[in-house]
Amino acid sequence: MRRTRRAPPGGPRLRLLIEGLGSEGEGVGRAQGRAVFVPFALPGERVLARVVHAGARRLVAELDEVLEPAPERVRPPCPVFGRCGGCQLQHAGYSAQLALKRRLLVETLRSVGGLEVGERDGGPRVLAAPEPLGYRNRGQYPVARQARRVVTGFFAPRSHAVVPVEACAIHDPRVDQAVRVVRAWAQRERLRVYDEERRTGWLRHVMARVGVASGQVLVVLVGRHELRCDWRALTRELGARVPGVVGLVLNLQPASSNVILGRRSLPLWGQPHVEESLFGLRFRLSVGSFFQVNTRQAEQLFGRVRAFLGEAAERGRPVVDAYSGVGVLAQVLAQANLPVVGIEVVPQAVADARASARAQGLGGLEFHEGLVEEVLPRLVARGLRPGAVVLDPPRKGCEPAVLEALARSRVPRVAYVSCHPGTLARDLAELRTLGYRLHTLEAVDMFPQTAHVETFAGLVRA
Ligand SMILES: C[S@@+](CC[C@H](N)C(=O)[O-])C[C@H]1O[C@@H](n2cnc3c(N)ncnc32)[C@H](O)[C@@H]1O
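Residues numbered from 1 in each chain as written. Predicted model: local features only at pLDDT ≥ 70, side-chain atom pairs only at ≥ 80, totals over all residues. Heavy atoms only, no water.

Colleague: Give a description of the pattern of salt bridges that names residues and reports values.
Modeller: One pass over the full model with this rule turns up 20 salt bridges. Ionic pairing is found between Arg-13 and Glu-65, a salt bridge with its closest N-O pair at 3.9 Å. Linking Arg-13 in strand β2 (residues 13–17) with Glu-65 in strand β7 (residues 58–68), this pair joins segments that are 52 residues apart in sequence. The exposure class of Arg-13 is partly exposed, given its relative accessible area of 40%. Exposure remark for Glu-65: the relative accessible area of 3% places this residue in the buried category. Note that Asp-64 is salt-bridged to Arg-50, the shortest N-O span being 3.6 Å. Within this pair, whereas Asp-64 is found in strand β7, its partner Arg-50 is found in strand β6 (residues 46–54), the two being separated by 14 residues in sequence. Assigned by exposure class, Asp-64 and Arg-50 land together as buried. Where salt bridges share partners, they join Arg-13, Arg-50, Asp-64 and Glu-65 into one cluster. (Salt bridge = Lys/Arg side-chain N within 4 Å of Asp/Glu carboxyl O. Helix = DSSP H or I, 4+ residues; strand = E, 2+ residues; numbered from the N terminus. Buried < 20%, exposed > 50% of the residue type's maximum accessible area, 1.4 Å probe, protein only.)

Okay, here's the thing in structure tokens:
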């Protein structure tokens, strides 16, 4: 029998049958009348695990030994898997990851939203990614000093200790290459690295963003303040070692919060954005603008949304793209001759959206800068009657004011794109109360090797 051992920490040791799945991809067993969450254990496995946290209703345990592995257990491709907090599912083969995500989605919709889906026809489909590794087009690596060396990597789970990573399995290799060049330069220049506890030092994060279609790479240093420095050595090195590098930007983050990027960015060399293209449209992506991290899967996802809305959006009535980012969906829909109203809170993203729309000569588009929960109710109160609404909120989902406003507008179709099954379930339950019925439910695997689930839910007014 194959056995997998992990370092045993203190705490009582339990022998468990893993039967369920937690929202962060953990295996779930039962002991002492409580659910036991065991990261890196798979449903169907018998394991030994040590309790590291005991709450009133749940225990958390570290996997100590896999006594009976599931057939889908594989050797993780990354040497720091389990220590770095980035991935949660590398120990499952790729088709098993897709099945786990489908199960997670179905169970969350049922337990949080009281919605029954997936009992027939094998449940909602999860569209597989063509590249389960090396797909992330953007990486932001925290920087630390360890044993006198500058290191870059990722935070360990539930911690701010940096686990050094030389080459990440899920990032585009150009991201790692750019980060390695900056790290070596920081070491040579004896740059002061940010110390979170003492709030001293300068360099906090290194970020790199790749335009997959254009091949362009933008490198961003996140520092605590402006810095007088001769940047030429760094730009020379980047130019020589990172294929496609087009710019270097300094982002200023003086706050002692967990938010990675600050509001101001200063171009140090080249252009302060990369270009990306989807469906033959070109988009400008600046430092702080959101863009889906998996370009190829973004195209699959947006294609689904376009098909759902395009069929039914009533000609002449606008589509609202709420939480529009750099206006990708807005422009994809405008390309299909639908008038679109985008709403987005980040000014840089709105500027990027307007610039790309202008550059490709798209008409019938307007972008509003502001909070969806303020702008949408205002537009509806002034008489906006959309033919369809797209909701693509961040993980916390939509404010009630957003859902109420769209119901008041009596919009016939809603496309909800979600990166968090729990808040999706809550909002779908509310939309059901407001008179909307689930028509389509599909997940698109945007984040292979991790437990994140991206879902597209199409709703129609009942
Ligand atoms: C998941 S992203 C989706 C972006 C875009 N639809 C795309 O796929 O490229 C969410 C976007 O909503 C923006 N955002 C977050 N909260 C917001 C709010 N309350 N009102 C308006 N925009 C918000 C973020 O800046 C981000 O651009």
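Colleague: Got a sec to walk through unusual backbone geometry? Specific residues and values, please.
Modeller: Phi at Phe-40 is positive, roughly 75°, even though this residue is not glycine. If you check the backbone angles, Asn-337 has positive phi at about 65° while not being a glycine. Summarising the element assignment, Asn-337 is placed in the loop between α5 (328–335) and β19 (340–344). Relative accessible area serves as the criterion here: at 63%, Asn-337 is assigned to the exposed category.

Colleague: Run through the site of the ligand, naming residues and quoting values.
Modeller: Taken together, 16 residues lie around the ligand, and Tyr-323, Glu-344, Val-372, Glu-373 and Asp-392 are the ones closest in. At 2.7 Å from an oxygen atom of the ligand is found a side-chain nitrogen or oxygen belonging to Glu-344. Between the ligand and the protein, one listed contact pairs a nitrogen atom with a backbone N or O atom of Val-345 at 3.2 Å. For the ligand, whose unbound accessible area comes to 600 Å², protein coverage reaches 90%. Each residue belonging to the shell around the ligand can be placed in one class, and the counts come to nine nonpolar, four polar and three charged. (Near = heavy atom within 4 Å. Polar contact = N/O pair within 3.5 Å; in protein donor to acceptor, adjacent residues only side chain to side chain. Areas by Shrake-Rupley, 256 points an atom, 1.4 Å probe, with all protein chains shown as cover. Nonpolar A, V, L, I, M, F, W, Y, C, P; charged D, E, K, R; others polar.)

Colleague: Describe the packing of helix α1 (residues 94–113) against helix α9 (residues 421–433), naming the residues involved and giving the relevant values.
Modeller: Their axes nearest at 8 Å, the elements α1 and α9 cross at an angle of 50°. Our classification of the angle between α1 and α9 gives oblique. In the packing of α1 onto α9, the handedness of the crossing is right-handed. Across the interface between the two elements, Leu-105, Thr-108, Leu-109, Val-112 and Gly-113 from α1 touch Pro-421, Gly-422, Leu-424, Ala-425, Arg-426, Leu-428, Ala-429 and Arg-432 from α9. Classifying every residue of the contact of α1 with α9 by side-chain character gives eight nonpolar, three polar and two charged. (Axes fitted to C-alpha atoms, helices over the stretch in contact; angles between N-to-C directions. Parallel < 35°, antiparallel > 145°, perpendicular 65-115°, else oblique. Left-handed = near helix turned anticlockwise from the far one by under 90°. Contact = heavy atoms within 4.5 Å.)

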